[in-house]
Amino acid sequence: MHRLTALLAGTFALLTTALGHADGEVTYQPTAEPVTGSVYAIIGPTDARTYENHGMNANYGVIVTDEGVILIDSGPGAFSGPYIERAVAEVSDQPICWVVNIGVQDHRWLGNDYFQQQGAEVIAFEQTVESQKEFAEQHMEGRLPEALGERFDGTKPAYADRVLDGETASITLGGTEIELSLTNAHFPGDAMAYLPESDVVFTGDLVYVDRMLGIHPWSNPRNGLEAFARLEEIDPDHVVPGHGRVSDMERARRDSGDYYDFLVNTVGEAARNFEAMSDVMNANDDLEAFKHLEHYDSWHRTNMNRTFILFEGM
């Protein structure tokens, strides 16, 4: 029954997409790509949130267990829920039982309410929930509704049914264990999820691959560097980043780990040494090691500026 409902809902969403789009073209169809075994990833586009990509410009996890499916993050809202259900239905007949929130940014958790209405239990750290509540108003009035227009209708903030204490936790469904730990890098309350049996890490927005990570005023690159060091200790075979293709540690280190190191130990150290911000930014404006990353031109100087200001005040 659950699968039939999901398929019908997904079909309805597809029809409304075609009708709502000026030329009738649906440009993004989320799919659950195999990672290893019963672990899958929905890989979103690396561009901005748009009407055409339904605001799903991020990666989400699908873990099939003997007792149901676990989602890693719930998507950007009510409209995207049926798309995720449709992707899950292509790889499993099991119902979605759990949604594990590892992200605080809008396109990671505003789908909670939709999946709760379908009977799923949402699980998150207490700090994740607190940050979601802190940013909820901003998210409900920000880039997502601007991009999605009427597609955002029906979306409302909803929070975890099960709240986890502390900075680490282990949860198990259907014999599948997930080890959770806070990263507090991109947003306070962000986390990563490790599956020991599959040797897969869903990093959330700690790791970006193929595109440049962004430092917001509330981001903390020092936390990012420390969390990345913990990720290196795990040394998983499979890395599902917050954005970009499924990867390994070598690529994750090249595209994100080395960049955290640069921000903290070059830009941050210069700020602590009272060097002039303009000199530091100009000297590091053209970095060959990171120019291959999408959005380098629009984010790199902003990242340096915000990192400098953060360390300048320490």
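Model, not experiment: these values are computed from the prediction.

(A) Structural context of the packing of helix H8 (residues 249-272) against helix H10 (residues 296-312). Contact pair H8 / H10: the axes reach a minimum separation of 8 Å and the direction vectors enclose 50°. Classified by the angle their axes make, H8 and H10 are oblique. Regarding H8 and H10, the two cross each other, and that crossing is right-handed. Residue-level contacts link Tyr-259, Phe-262, Leu-263, Val-264, Val-267, Gly-268, Ala-270, Ala-271 and Arg-272 of H8 to His-300, Asn-303, Met-304, Thr-307, Phe-308, Phe-311 and Glu-312 of H10. Looking at the contact of H8 with H10, its residues break down into 10 nonpolar, 4 polar and 2 charged.

(B) Main features of the layout of surface pockets. What the largest pocket holds in volume is close to 170 Å³. Forming the walls of the largest pocket are 15 residues, and the residues nearest its centre are Arg-49, Asn-57, Arg-143, Arg-211 and Trp-299. Of the residues assigned to the lining of the largest pocket, the class counts are 3 nonpolar, 8 polar and 4 charged.

(C) Quick peek at unusual backbone geometry. Phi is positive for His-54, which is not a glycine, with a value near 65°. Along the polypeptide, His-54 turns up in the loop between strand E2 (39-42) and strand E3 (60-65). For Asp-235, which is not a glycine, the phi torsion comes out positive at approximately 50°. Its location among the elements puts Asp-235 in the loop between helix H7 (221-234) and strand E12 (238-243). The exposure class assigned to Asp-235 is partly exposed, which follows from its relative accessible area of 44%.

(D) Focus on the pattern of salt bridges. One pass over the full model with this rule turns up 11 salt bridges. Note that Arg-49 is salt-bridged to Asp-106, the shortest N-O span being 2.8 Å. Of this pair, Arg-49 sits in the loop between E2 and E3 while Asp-106 sits in helix H3 (residues 106-109); the two residues are 57 residues apart in sequence, bridging distant segments of the chain. A salt bridge links Asp-205 to Arg-108; the shortest N-O distance between them is 2.9 Å. With Asp-205 in strand E11 (residues 200-208) and Arg-108 in helix H3, this residue pair connects regions lying 97 residues apart in the sequence. With respect to class, Asp-205 is no different from Arg-108; both count as buried.

(E) Structural context of the packing of aromatic side chains. Using the criterion set out here, one finds 9 aromatic pairs in the structure. Ring centres of Trp-109 and Tyr-159 lie 5.4 Å apart, and the angle between their planes is 25°; on these two criteria the pair is classed as stacked. One end of the pair, Trp-109, is in helix H3; the other, Tyr-159, is in the loop between helix H6 (143-148) and strand E7 (162-164), and 50 residues separate them in sequence. Between Tyr-259 and Phe-290, the ring centres sit 4.9 Å apart and the planes meet at 75°, which makes this aromatic pair edge-to-face. Of this pair, Tyr-259 sits in helix H8 while Phe-290 is found in the loop between helix H9 (277-283) and H10, placing the two residues 31 residues apart along the sequence. In this structure, Tyr-259 and Phe-290 share a single accessibility class: buried. Taken together, the ring pairs in this structure connect Phe-135, Phe-187 and Trp-218 into an aromatic cluster. Residue placement shows Arg-162 over the ring face of Trp-98; its charged tip is 4.9 Å from the ring centre.

The rules behind these values
- Residues numbered from 1 in each chain as written.
- Predicted model: local features only at pLDDT ≥ 70, side-chain atom pairs only at ≥ 80, totals over all residues.
- Heavy atoms only, no water.
- Axes fitted to C-alpha atoms, helices over the stretch in contact; angles between N-to-C directions.
- Helix = DSSP H or I, 4+ residues; strand = E, 2+ residues; numbered from the N terminus.
- Parallel < 35°, antiparallel > 145°, perpendicular 65-115°, else oblique.
- Left-handed = near helix turned anticlockwise from the far one by under 90°.
- Contact = heavy atoms within 4.5 Å.
- Nonpolar A, V, L, I, M, F, W, Y, C, P; charged D, E, K, R; others polar.
- 1 Å grid on protein atoms, 1.4 Å probe; cavity = no way out; pocket = protein on both sides within 12 Å on 5 of 7 lines; lining within 4 Å.
- Points joined across faces, edges and corners; volume = space filled by probe spheres on them.
- Buried < 20%, exposed > 50% of the residue type's maximum accessible area, 1.4 Å probe, protein only.
- Salt bridge = Lys/Arg side-chain N within 4 Å of Asp/Glu carboxyl O.
- Phe/Tyr/Trp six-rings, centres within 6.5 Å; stacked < 30°, edge-to-face > 60°.
- Lys NZ or Arg CZ within 6 Å of the ring centre and 35° of its normal.

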